[in-house]
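# Descriptive analysis of the structure
Chain by chain, the residues run as shown.
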Amino acid sequence: MKLLDEIADIGRDPVSGGYVRYAWTEPELALRDWFRDQATQRGLALEDDGNGNIFAWWGSGPDAVLTGSHLDSVPHGGAYDGPLGVVSALLAIDELRQRGVKPAKPIGIAVFAEEEGSRFGLACLGSRLLTGAVAPDQVDLQGVFEPVGRRQDILDRIGCFVELHIEQGRALQRPVGVASAIWPHGRWRLDFAGEPNHAGTTQMGDRRDPMLTFAFTVLAANKEARLRHAHATIGRVQVAPNATNAIPSSVRAWLDARAPSPEIVDELVEALRAKASERASRDGTTVTMTAESITPAIEFHIGLRDRLARLLDAPILPTGAGHDAGVLSAYVPTAMLFVRNPTGVSHSPLEYAADEDCEAGVTALADVLQDLTC
Ligand code: GLV
Ligand code: MN
Ligand code: MN
């Protein structure tokens with residue numbers, strides 16, 4: 001897709017081929033500049049919300065139809081997760097203009113900050129700040145940015161939000177689908193502590209090795225998730241002092257847990273807490289689990305969802321992935337369009353969508369914007 005190709009080199013790691021575009025780092029700032037330039041070329045009015053989110057408006061006033069997504073990435077993520085929604089929004093406006101459409105309501109494109117939570121740990125940071133789902137004093141942005149918090153004036157102008165996003169599993173068999181729901185999910189930090197000591201001289205029975213408790217916990221997370229038809233992932237870990245010939249003093253890891261219901265997420269996390277603590281007492285170590293980012297179950301606006309599915313003759317499907325649309329949905333009628341992901345791979349350099357499907361996504365988004373604004 002030509003417009004996506006324009007940003008293909010920004011923040012791309014030459015070794016992994018994936019994107020490293022963390023919020024307010026140089027590549028992400030370059031993407032923001034690129035977006036501002038694209039919006040200006042189209043005569044859209046730019047607005048910063050003081051929370052790191054950018055809006056570009058075609059028209060002004062209330063009852064706006066907002067679309068857009070995010071430009072930040074997970075570590076070594078794919079090209080489509082986020083940017084596809086932003087690029088498609090710009091192209092959908094081009095298409096509406098080519099069709100000669102004169103919208104009766106404003107159309108906005110949002111670029112939300114730190115959707116992935118890769119830099120500060122809280123997923124959907126920008127949309128949570130905008131809506132007041134989280135207050136500025138509840139987040140630690142390490143002096144990088146001073147958010148202003150809830151912007152009721154902006155929320156009051158939004159009639160509805162429709163985010164286009166690549167599907168992140170293999171469930172969608174057609175080029176475009178409509179989302180029904182997002183699984184509840186969250187992130188927990190796990191801190192394992194033990195006794196640092198010599199790898200060669202410390203008897204196996206004398207060790208207090210937090211790596212053992214950690215290793216057990218990784219396997220237990222997998223087992224407890226499988227037992228509940230839930231998803232649990234430990235994909236990030238830090239070891240101190242990280243020496244080949246020393247028993248670690250501590251291991252810090254992050255659990256991502258998701259399930260069809262919040263009760264199952266809670267059960268899974270509590271079962272894991274109990275198992276990890278029991279193992280820690282056997283290992284002579286300690287473990288604590290701290291919630292860093294909790295996202296409730298989301299059901300998108302049923303009327304909007306059905307209207308879009310009818311308009312596009314598109315299937316309706318749930319997802320296990322989180323989105324700014326999930327946060328917005330508690331405040332304004334919200335829907336999502338998904339573009340087919342033939343391999344289902346995402347949060348990976350291998351993420352892929354066919355150009356024809358991306359183009360079908362743009363047409364679908366243009367149809368939706370036209371339907372909702374005319
Ligand atoms: C965001 O992509 C998430 O689901 O973690
Ligand atoms: Mn993502
Ligand atoms: Mn995303």
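What counts and how
Residues numbered from 1 in each chain as written. Chains lettered and ligands numbered in written order. Predicted model: local features only at pLDDT ≥ 70, side-chain atom pairs only at ≥ 80, totals over all residues. Heavy atoms only, no water. Buried < 20%, exposed > 50% of the residue type's maximum accessible area, 1.4 Å probe, protein only. Helix = DSSP H or I, 4+ residues; strand = E, 2+ residues; numbered from the N terminus. Pairing = 2+ DSSP bridges. Donors = N, O, S within 2.8 Å, 3.2 Å for Na, K, Ca; no water. Axes fitted to C-alpha atoms, helices over the stretch in contact; angles between N-to-C directions. Contact = heavy atoms within 4.5 Å. 1 Å grid on protein atoms, 1.4 Å probe; cavity = no way out; pocket = protein on both sides within 12 Å on 5 of 7 lines; lining within 4 Å. Points joined across faces, edges and corners; volume = space filled by probe spheres on them. Nonpolar A, V, L, I, M, F, W, Y, C, P; charged D, E, K, R; others polar. Phe/Tyr/Trp six-rings, centres within 6.5 Å; stacked < 30°, edge-to-face > 60°.

What follows is about the pairing of strand β7 (residues 185-193). Burial runs high along β7: seven of the nine residues are buried. In terms of strand pairing, β7 meets strand β11 (residues 250-258) through nine bridges, oriented antiparallel. When the bridges of β11 are listed, Ala193 appears paired with Ser250. Relative to strand β12 (residues 286-295), β7 runs antiparallel, the two being bridged by nine bridges. Note on β12: the bridge partner recorded for Gly186 is Ile294.

Moving on, we get to the coordination of the manganese ion (ligand 2). Surrounding the manganese ion (ligand 2) are the protein donor atoms Asp81 (OD), Glu116 (OE), Glu116 (OE) and His347 (NE2), at 2.0 to 2.7 Å. Summarised as a motif, the one-chain spacing of the donors to the manganese ion (ligand 2) is D-x34-E-x230-H. A separation of 3.5 Å is found between the manganese ion (ligand 2) and the manganese ion (ligand 3), which share Asp81 as a coordinating residue. Placement of Asp81 in the loop between β3 (64-70) and α3 (83-98) and of His347 in the loop between β15 (334-339) and α10 (355-373) is noted, with a sequence separation of 266 residues between them. Its relative accessible area of 6% is what places Asp81 among the buried residues.

Taking strand neighbours across the sheet as the criterion, the four strands line up as β9-β11-β7-β12 in an open arrangement whose pairing is antiparallel. Strand pairing shows two members of the sheet lacking a second neighbour, β9 (231-240) and β12, which therefore form its edges. The average angle at which neighbouring strand axes cross in this sheet is 20°, direction not considered. On the sheet, helix α6 (residues 210-227) packs against β7, β9 and β11 and is oriented at approximately 170° with respect to β9.

Here we take up the layout of surface pockets. Each pocket or cavity is described by its volume, and for the largest pocket that value is around 1000 Å³. If you go around the largest pocket, you meet 42 residues; those closest to its centre are Val74, Arg187, Asp256, Arg258 and His347. Elements supplying a minimum of two residues to the lining of the largest pocket: β7, β9, β11, β12 and β14 (316-319). Grouping the amino acids of the lining of the largest pocket by side-chain chemistry returns 13 nonpolar, 20 polar and nine charged. In this structure, the second largest pocket spans a volume of roughly 310 Å³. Together, 15 residues line the second largest pocket, and Phe120, Gly121, Leu122, Asp140 and Glu292 are the ones closest to its centre.

Another point: the packing of aromatic side chains. Inspection of every chain in the model, using the stated rule, returns six aromatic pairs. With a centroid separation of 4.7 Å and an interplanar angle of 20°, the aromatic rings of Trp24 and Phe145 are classed as stacked. Here Phe145 lies in the loop between α4 (125-131) and α5 (152-157) and Trp24 lies in the loop between α1 (2-6) and α2 (26-41), a separation of 121 residues in the sequence. We classify Trp24 as buried; its relative accessible area is 14%. Phe145 sits in the partly exposed class, given a relative accessible area of 23%.

Purely geometric numbers; function is a separate question.
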